[in-house]
Amino acid sequence: LILFIIMNVNQQTDKLITPMKKPLSTVSDIEIYNYLINEKKLDRSKSLGILANIQAESNFKIGAVEEGSAINKGIGLFQFTFPTRKEGLLKNVPDYKTNWKGQIDYFLMEPEAKGYLKQNFKTGNEAAEFLMQNNLRPREDLRKDRTKKHDAYIAKFSKKFNQ
């Protein structure tokens, strides 16, 4: 009995010392799409362009933090890395790790997004490419593969939701 009690106390102590790693919460692409279309009044192409970039940047993980050895790690759905953009997100959406709508609202109000929102894109693929090249700007060596990833995502989304 004493041995059982000691083992039980040790297990409980281990749980207190080693917190369980909580998985990052995600938001569904259709939920974001509906938000962009219905509440933000964006057209289909711009909405798909945003979705494709979110998928490539964070895979819809709301509180995502960039993996790897980068010194200035990107955060959130859009992987904000540039110091002023990252600071702006943290200031305007302090609960960004759980607030996907706040992240999208912040993204859409940024000066960089204004050029995107003024464009008339024929396709979601064209919108995704513009957004990647002119707004999110991943490293040059990643862009060719990122375009392929966007195209594959948009085709899959369109087929899945008959969009």
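Residues numbered from 1 in each chain as written. Predicted model: local features only at pLDDT ≥ 70, side-chain atom pairs only at ≥ 80, totals over all residues. Heavy atoms only, no water.

1. Comments concerning the packing of helix α3 (residues 44-58) against helix α7 (residues 124-136)
To keep things clear, this is the line we draw: Every axis in this analysis is a line fitted to C-alpha atoms, fitted for helices over the stretch in contact. Angles between the N-to-C directions lie between 0 and 180 degrees. Under the DSSP-based scheme used, a helix requires at least four consecutive residues in state H or I and a strand at least two consecutive residues in state E, with every element numbered from the N terminus. Roughly parallel means an angle under 35 degrees; roughly antiparallel, over 145; roughly perpendicular, 65 to 115; everything else is oblique. In this scheme the crossing of two helices becomes right-handed for a clockwise turn of the near helix relative to the far one and left-handed for an anticlockwise turn of less than a right angle. Contacts are assigned to residue pairs that have any heavy atoms within 4.5 Å of one another. Note on residue classes: Ala, Val, Leu, Ile, Met, Phe, Trp, Tyr, Cys and Pro are nonpolar, Asp, Glu, Lys and Arg are charged, and everything else, Gly too, is polar.
Axis separation between α3 and α7 bottoms out at 7 Å; the angle between their running directions is 55°. Comparing their axes, α7 and α3 come out oblique. In the packing of α3 onto α7, the handedness of the crossing is right-handed. Contacts between α3 and α7 involve Ser 45, Lys 46, Leu 48, Gly 49, Ile 50, Ala 52, Asn 53 and Glu 57 from the former and Gly 124, Ala 127, Ala 128, Leu 131, Met 132 and Leu 136 from the latter. Of the residues that constitute the contact of α3 with α7, the class distribution is eight nonpolar, four polar and two charged.

2. Focus: helix α8 (residues 140-161)
Rule in force here: To estimate how far a helix should reach, multiply one less than its number of residues by 1.5 Å. The angle between axes fitted to the seven residues ending at a residue and the seven residues starting there is what we call the bend at that residue. Per-residue accessibility, obtained with a 1.4 Å probe over protein chains only, is compared with the maximum for each type, and a residue is labelled buried under 20%, exposed over 50%, and partly exposed between these values.
When the terminal C-alpha atoms of α8 are compared, their 32 Å separation across 22 residues agrees well with the 32 Å that a helix rising 1.5 Å per residue should span. Remark: the principal bend of α8, roughly 25°, maps to Arg 146. For α8, the complete set of buried residues consists of Arg 143, Arg 146, His 150, Tyr 153, Ile 154, Phe 157 and Ser 158. Packed against the buried residues of α8 are α2 (29-39), α3 and α7.

3. A closer look at α3
Stated precisely, the cut-off is as follows: Any pair of nitrogen or oxygen atoms within 3.5 Å is treated as a polar contact; in protein, a donor-acceptor pairing is required on top of that, and neighbouring residues in sequence qualify only through side-chain atoms on both sides.
Under the 1.5 Å per step criterion, the end-to-end length of α3 is 21 Å for 15 residues, consistent within 8% with the ideal 21 Å. Burial analysis of α3 places 14 of its 15 residues in the buried class, the great majority of the element. For α3, the capping residue at the N-terminal end is Asp 43, with a side-chain oxygen 3.2 Å from the backbone nitrogen of Ser 45. Immediately downstream of α3, the backbone of Asn 59 shows phi near 55°, a positive value.

4. Here we look at the side chain of Arg 85
Take Arg 85: it is sitting in helix α4 (residues 83-92). Looking at Arg 85, the relative accessible area reads 8%, which means it is buried. Those residues in contact with Arg 85 that sit more than four places away from it in its chain are Phe 80, Tyr 106, Phe 107, Glu 110, Glu 112, Asn 135, Leu 136 and Arg 137.

5. Looking at the side chain of Gln 103
Relative to the helices and strands, Gln 103 resides in helix α5 (residues 100-109). Engagement of the side chain of Gln 103 in a polar contact is seen with the backbone oxygen of Ile 62, the distance being 2.8 Å. Excluding residues that lie within four positions of it along the chain, Gln 103 makes contacts with Ile 62, Gly 76, Leu 77, Phe 78, Leu 89, Val 93 and Tyr 96.

Interpretation note: all reported values are geometric properties and have no functional meaning in isolation.
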